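Read off the chains here:
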Amino acid sequence: MDISVVIPLLNEHESLNELHDWIAKVMQSNHFSYEIIFIDDGSTDNSWEIITNLAQKSDTVKGIRFLKNYGKSQALHAGFIKAQGDVVITMDADLQDNPDEIPELYNMITKDNFDLVSGWKKKRYDSVIAKNLPSKLFNWAARRTSGVKLNDFNCGLKAYNKEVTKTINVYGEMHRYIPVLAKNEGFTKIGEKVVKHQARKYGKTKFGMERFINGFLDLLTIWFVSRFGKRPMHFFGAIGALMFFIGFMFAIYLGIDKLFINPTGRLITQRPQFYISLTTMIIGTQFFVAGFLGEIVIQSRQNKERYKISEHI
């Protein structure tokens, strides 16, 4: 199979038929063998009924329905597991991503040998204050932190070599950082393509300003995990050693001062250096313990089901 199109969605019943017909037209005109995988992330409208009808009419349509809303990352994870195409295309269901971009994205993966190609919505039709400016700041921070030189990390329209989707683990709200996850797994040929961004035709956005706050917090998480996720003792142990060393040196200074330099002076417990020494040694010990616990968790952790699927088509 040439292409798997993975589409996570939440309450997008108005656009699903039009999106399906548009994708099918593009695929058929380019003679691609394909499948369209809709992941219903706990919709409360009749999105699942529309997906069911589409699947009954066409064997290219497949559906996954979550028991409740688990988030876009979990939906993509489920879609990646099910996808069988040599190239996996992801896009949003709100018609703001243009299916006409699919052939060129496919060629960039198959002919130019990119591992991943991310869309860049250079010209956007979103609110400047609510979305565009925060998005630019977010993308700048992501570039500086991750080292992946993309202009638009959060664009839903992306193309992947199948091997990438079967290797990366998309969890939490890490869908914003899939290129970073891919890079951390060794897929370094990451490209970018300017894509058309269309104004929302139906409904309203499911994301608010809080997504940028969560995005920056996730960015810190992925930076830490990518550098120290497999060796937490290197991070916590280094800080712990430094803190304990500082406290120990203060303790030695206090001991020498009290025994040999000024034995008749004030009590050690009346000196601020005593509390600095005590506090830093305790904190250093706690960092060491955190590092050991992190190592134990890594050694003993097991993959855990992160979502419940109620139906497959």
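As the structure is a computational prediction, the values presented were derived from the model and not from experiment. (Residues numbered from 1 in each chain as written. Predicted model: local features only at pLDDT ≥ 70, side-chain atom pairs only at ≥ 80, totals over all residues. Heavy atoms only, no water.)

(A) How the structure looks around the pairing of strand β5 (residues 116-120). Counting buried positions along β5 gives 4 out of 5 residues, so the element sits mostly inside the fold. Both β5 and strand β6 (residues 158-161) contribute to a ladder of 3 bridges, which runs antiparallel. When the bridges of β6 are listed, L116 appears paired with Y160. Relative to strand β7 (residues 190-194), β5 runs parallel, the two being bridged by 5 bridges. For L116, the partnering residue across the bridge sits in β7 and is I190. (Buried < 20%, exposed > 50% of the residue type's maximum accessible area, 1.4 Å probe, protein only. Helix = DSSP H or I, 4+ residues; strand = E, 2+ residues; numbered from the N terminus. Pairing = 2+ DSSP bridges.)

(B) Fine view of the environment of T44. Within the fold, T44 resides in the loop between β2 (34-40) and α2 (47-57). For the pair T44 and K166, spaced 122 residues apart in the sequence, the C-alpha separation amounts to 30 Å.

(C) A look at the packing of aromatic side chains. For the structure shown, the criterion picks out 8 aromatic pairs. Ring centres of F274 and Y275 lie 5.1 Å apart, and the angle between their planes is 80 degrees; on these two criteria the pair is classed as edge-to-face. Taken together, F224, F235, F236 and F287 form an aromatic cluster joined through their ring pairs. The ring of F114 has K189 sitting right over it, with the charged end atom 5.3 Å from the ring centre. (Phe/Tyr/Trp six-rings, centres within 6.5 Å; stacked < 30°, edge-to-face > 60°. Lys NZ or Arg CZ within 6 Å of the ring centre and 35° of its normal.)

(D) View of the packing of helix α1 (residues 13-29) against α2. Axis separation between α1 and α2 bottoms out at 8 Å; the angle between their running directions is 20 degrees. Judged on the interaxial angle alone, α2 and α1 are roughly parallel. Pair α1 / α2 crosses with right-handed handedness. Contacts between α1 and α2 involve H13, L16, N17 and H20 on the former and, on the latter, S47, I50, I51 and L54. Counted by class, the contact of α1 with α2 contains 4 nonpolar, 4 polar and no charged residues. (Axes fitted to C-alpha atoms, helices over the stretch in contact; angles between N-to-C directions. Parallel < 35°, antiparallel > 145°, perpendicular 65-115°, else oblique. Left-handed = near helix turned anticlockwise from the far one by under 90°. Contact = heavy atoms within 4.5 Å. Nonpolar A, V, L, I, M, F, W, Y, C, P; charged D, E, K, R; others polar.)

(E) Highlighting the environment of I276. Topologically, I276 is positioned in helix α10 (residues 272-300). In sequence terms I276 and P99 are 177 residues apart; their C-alpha atoms lie 62 Å from each other.

(F) Highlighting the sheet that holds strand β1 (residues 3-9). Pairing is mixed across the open sheet formed by 8 strands, whose spatial order is β7-β5-β6-β4-β1-β2-β3-β8. Each end of this open sheet is capped by a strand with a single partner; those strands are β7 and β8 (309-312). If you compare each strand with its neighbour and ignore which way they point, the axes differ by 20 degrees on average. As paired strands, strand β4 (residues 87-90) and β6 are joined by 4 bridges and run antiparallel to one another. Bridged to T90 within β6 is K158. α1 rests against β1, β2 and β3 (61-66) of the sheet, and its axis sits at about 160 degrees to β2. Set on the sheet, helix α3 (residues 72-82) makes contact with β1, β2, β3, β4, β6 and β8; between it and β3 the angle comes to about 140 degrees.

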